[in-house]
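One-letter residues, chain by chain:
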Amino acid sequence: MLRTVKPKNARSKRALDAREPKEIEDARTVVFVKGTKTGEVLNGVMKDMMALKRPDAISFSKKNVIHPLDAQNTASGSSSTSSLEFWSTKNDASMFVIGQTSKKRPNDLTFVRLFDGKVLDIVEAGVENYVSMESIPGPKSTPGHKPLMHFASELFDTHPRFIQLKSMLMSLFNGEAVESIYLKGLEHVISVSLAPTPATLNVASSSAESTTPLPKIHFRAYTTRLLASGSRIPRVELTLMGPSMDLVLRRHTNPDPELLKHATRRPKLKKTDVEKGLGKKRKNLDVDEMGDLRGRVHVGKQDLSKLQTRKMKGLKVGAFEDDSEDSAGDDESDQDTSTKKQKLS
Amino acid sequence: MDVSNILADNAQKLKSIQIETDTPLDIDTGFLTVTDPNPVDIESYESSLESYLLSLARTGTQALLNALFSLPTTSSPDGPLAQLPAPSTQLPRSKPLPKPKPLTKWEQFAKAKGIQGKSKEKRVKKVWDEEKQDWVNRWGRDGKNKQIEEQWITEVPMNADIDHDPRKAARHERKARVTKNQKQHEANVARANKSGGPTPSNPEREARKTDLERTLATTRTSTASMGKFDRKLEGEKKLKGVKRKFDPTEGSVSTEAKTALGLLSKMNSDARKTRLTEAQRPSKKSRTAHGDGGDPEDKILNVRKAVRFASKGRGGVALGREREKNTRGAGRGKGKRR
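Bear in mind the structure is a predicted one, so any value in this text is a computation, not a measurement. (Residues numbered from 1 in each chain as written. Chains lettered and ligands numbered in written order. Predicted model: local features only at pLDDT ≥ 70, side-chain atom pairs only at ≥ 80, totals over all residues.)

## Description of the overall build of chain B
A tally of regular secondary structure across chain B gives 12 helices and six strands. A buried classification covers 7% of the 338 residues belonging to chain B. Relative to all contacts within chain B whose residues are 6 or more apart in sequence, the contacts with residues 24 or more apart total 39%. (Helix = DSSP H or I, 4+ residues; strand = E, 2+ residues; numbered from the N terminus. Buried ≥ 20, exposed ≤ 12 C-beta atoms within 10 Å, placed from the backbone. Contact = placed C-beta atoms within 7 Å.)

Below, the structure is given as structure tokens:
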């Protein structure tokens, strides 16, 4: 572990304060790490991913002996996650993309997500059919602009592996909650779509997980062109920007439930946010245009039978009673009078 | 007037931005993300992959942009900004939630008493100087707190010592304030660390330890001299007495008010101090029945004083013993002495 350092001057204090946990977090800083062997493909993939992720990207140019997914199995590799954690504290980075190619797993790309300096979960994927950003002509997005993200498949909502992948990719490219955005600055889309879902996956996802191969993932990046449509909303046209590649899911680790619980804790909502209607819904309360809090009060259903209307002799309860008792012999009127009596008593 | 042309035109316009999907897309505008839950069209997927993916992405992006462009906007120097709602997808955080800063002793006190002063953040660094007609630093360079030290002439009181240096005195006072503040700050930091400190690892063991210590303390004071003349063992610690405990100065205002009011009502209701009317006074019969219980003023004979007088200060027991002896006969020797 790193020593806890006491800042000696104002500049270093500011730098340390910037690393303190925040209620609303900045984008994750990602470190791109090269494993012992990276081929041409992986070098290109990492370079292009960095281009998409800039400025929150750090590149490790030297090779590193790192096998984060082998750490659980062998005692010798246990240093892998610990070195990831060390780099995380050193660079204030909370995500890693590791590229490594081997005979067993060619063009292997590993995404590691961390929480509080500890490894949360890992997703491993193989890269196929890679086309670099350079080789595709056309305009590229400006570094630092937020991408739009597009996921296409029902598996992103149902299958645990793909839910994890979606969450991982969103953390990688789009994990920053911003208050407002300049809409003309939305320059590119990252689209992640899946090959057709195998029939077995549709039935029982958990049991078939081990046997059926998971569908291929198509990772594409497009630039947007906003065309006038005549209305306020423009029509969008896309052109391929690159990188484009196909990913095949390999190994993974699930997050430790205890750690995940801590990681998904939400901050308490501010009073103004609650008034705006965020968070827990408050019924019958709203803020009007003047900023005044308005409430609606619901009273129960009024009992109109006991309502006192205009007093008249003819409407008196007892007035009609004596006459009817004498004259009427029917059951109906008898019942009526008896009920009236009950009410009176 | 025929509006069908205009309507058709409008529909044509809208057509270019409308999207048609079987299942509505799941849009998270907070994270600028759209998820398309529709199943893949296998035919077009297999015939031309790239164009199919492009059209799929276009549909999704158009849906997302439709949602984004209909959000409320605010103007800024760079152009209109769309106000994004909070994201609906929950992603794991990269760092834990920030811990609330521990309150200082003063802040605790102010909170308990409901004192609302200016917070540290709100307090401005500059203060208005009437003489200079300008804002000056509260502290630091040419600070207001150094004004007496730095002014070129200072009034000296009539009865001051010969070696009285007003600048030195002011400086001393300021330095004392600084050290006092430093001390308080350190105490606050220590308190903050202590409150979040480690809890006993083995509570059972701790309980047993305190129990033993208590037993030992009682045995040490259970000798005839209450432990005063016992032989001390080497390294034996001095017994600690019971420390007096006071209520904390900071408590809620309501409880404080309640205790004060309770005390007041007690004082008012004191029967001995209030003068009773003749009717209220208990009757003489009941008073005699009570005996000693009545008011000391009303009694004719003070029993305690009478006994002391009769026994010549030796007490009621001695008086009783003497009387017994006197009735048995005076030839026993004690009477001789007298």
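Anyway, onward from the coordinates.
## Regarding the overall build of chain A
Within chain A one finds 10 helices and 13 strands. Burial statistics for chain A: of 345 residues in total, 31% are counted as buried. A separation threshold of at least 6 residues defines the contact pool for chain A, and within that pool the share at least 24 residues apart is 68%.

## As for unusual backbone geometry
In this chain, A:R54 is followed by A:P55 through a cis amide linkage whose omega measures 5°. Along the chain, A:P55 turns up in the loop between α2 (40-53) and β2 (57-63). With an omega dihedral of 0°, the bond running from A:G242 to A:P243 counts as a cis peptide bond. Of note, A:P243 is situated in the loop between β10 (235-240) and β11 (244-253). Here the phi dihedral of A:N107 falls at roughly 45°; this positive angle occurs in a residue that is not glycine. With respect to the helices and strands, A:N107 occurs in the loop between β3 (95-100) and β4 (108-115). The phi angle at B:D142 is positive, at roughly 50°, despite the residue not being glycine.

## Here we look at the sheet that holds strand β7 (residues 180-182) of chain A
Read across the open sheet, the three strands follow the order β7(A)-β4(B)-β3(B); overall the sheet is antiparallel. Here the strands that pair on one side only, and so sit at the sheet edges, are β7 of chain A together with β3 (73-74) of chain B. When β3(B) meets strand β4 (residues 81-83) of chain B, the two strands line up antiparallel, connected through two bridges. Its bridge partner being in β4(B), B:T74 is matched across the sheet by B:L81. (Pairing = 2+ DSSP bridges.)

## Thoughts on helix α3 (residues 49-69) of chain B
Compared with an ideal rise of 1.5 Å per residue, which puts 21 residues at 30 Å, α3(B) spans 30 Å between its outermost C-alpha atoms and is within 8% of the ideal. For α3(B), the complete set of buried residues consists of B:L53, B:L56, B:A57, B:R58, B:T59, B:G60, B:T61, B:Q62, B:A63, B:L64 and B:L65. On its buried face, α3(B) is in contact with β6 (148-152), β8 (188-194), β9 (217-227) and β10 of chain A together with β1 (26-28) and β2 (33-36) of chain B. (Expected span 1.5 Å × (residues − 1).)

## A word on helix α5 (residues 160-174) of chain A
Along an α-helix, a turn takes 3.6 residues, which lines up residues three or four apart on a common side. Residues and elements named next belong to chain A. Here α5 spans 20 Å end to end across 15 residues, near enough to the 21 Å set by a 1.5 Å rise per residue. Burial analysis of α5 places 12 of its 15 residues in the buried class, the great majority of the element. Within α5, the full set of buried residues consists of F162, Q164, L165, K166, S167, M168, L169, M170, S171, L172, F173 and N174.

## Remarks on the pairing of β4(A)
All names here are of chain A. The element β4 is largely enclosed, with a buried count of eight among its eight residues. Burial along β4 is two-sided: the residues D108, T110, V112 and L114 and L109, F111, R113 and F115 are all buried. Of the strand pairs in this sheet, β3 and β4 are connected by six bridges, and their pairing is antiparallel. Looking at the pairing, Q100 lines up with D108 of β4. When β4 meets strand β5 (residues 118-131), the two strands line up antiparallel, connected through eight bridges. Across the sheet, F115 pairs through a bridge with K118, a residue of β5. Between β4 and β5, which pair antiparallel one after the other, the connecting turn spans two residues, and D116 there sits at a positive phi close to 55°.

## Observations concerning the nonpolar core
Considering soluble globular proteins, one finds that nonpolar side chains tend to be buried as a cluster. Membership of the largest hydrophobic core comes to 73 residues, with the highest contact counts inside it found for A:V30, A:V45, A:F96, A:V97 and A:V112. Here A:F96 is in contact with A:V30, A:V31, A:V33, A:L84 and A:V112, once residues within four sequence places are set aside. (Core = buried A, V, L, I, M, F, W, Y, C linked by C-beta atoms within 7 Å.)

## Re the interface of chain A and chain B
It is common to give the size of an interface as the accessible area that goes away when the parts come together. Between chain A and chain B, the residue contacts involve 62 residues of the former and 49 residues of the latter. No other element matches the five residues that β6(A) contributes to the side of chain A that touches chain B. Looking at side-chain class alone, the side of chain A that touches chain B contains 28 nonpolar, 18 polar and 16 charged residues. As paired elements, β6(A) and β2(B) share four bridges and run parallel to each other. Bridge pairing in β2(B) links A:H150 to B:V34. (Nonpolar A, V, L, I, M, F, W, Y, C, P; charged D, E, K, R; others polar.)

## Concerning the environment of B:V317
Residue and element names in this part refer to chain B. Following the sequence through the fold, V317 ends up in helix α11 (residues 316-328). Here V317 falls in the exposed class, since 10 other C-beta atoms lie within 10 Å of it. Put simply, V317 and V307 are 10 residues apart on the chain and 9.8 Å apart in space, counted from C-alpha to C-alpha.

## Topic: the environment of B:V307
Residues and elements named next belong to chain B. Residue placement: V307 occurs in helix α10 (residues 303-310). Overall, V307 belongs to the partly exposed group, with 17 C-beta atoms counted inside 10 Å. Not counting residues within four places of it along the chain, the set of residues in contact with V307 comprises G316 and L319.

## Details of the pairing of strand β6 (residues 134-137) of chain B
All names here are of chain B. As judged from the four bridges shared by strand β5 (residues 126-129) and β6, these two strands associate in the antiparallel manner. Counterpart to W128 in the pairing with β6 is W135. The turn joining β5 and β6, which pair antiparallel and follow one another in sequence, is formed by four residues; a positive phi near 55° is taken by Q133.

## Some remarks on the confidence of the model for chain B
Residue and element names in this part refer to chain B. Here chain B shows a mean pLDDT of 82. Residues at 70 or above account for 85%. Mean pLDDT values for the elements of chain B range from 47 in helix α12 (residues 334-337) up to 94 in β2. Across residues 286-294 the pLDDT falls below 50, and counting only partners more than four positions away or on other chains, this stretch makes five contacts in the model. In this model, residues 333-338 is a region of pLDDT below 50 whose contacts with residues beyond four sequence positions or in other chains number two contacts. Per the prediction output, this complex has pTM 0.66; the corresponding ipTM is 0.76. (pLDDT = per-residue confidence, 0-100.)

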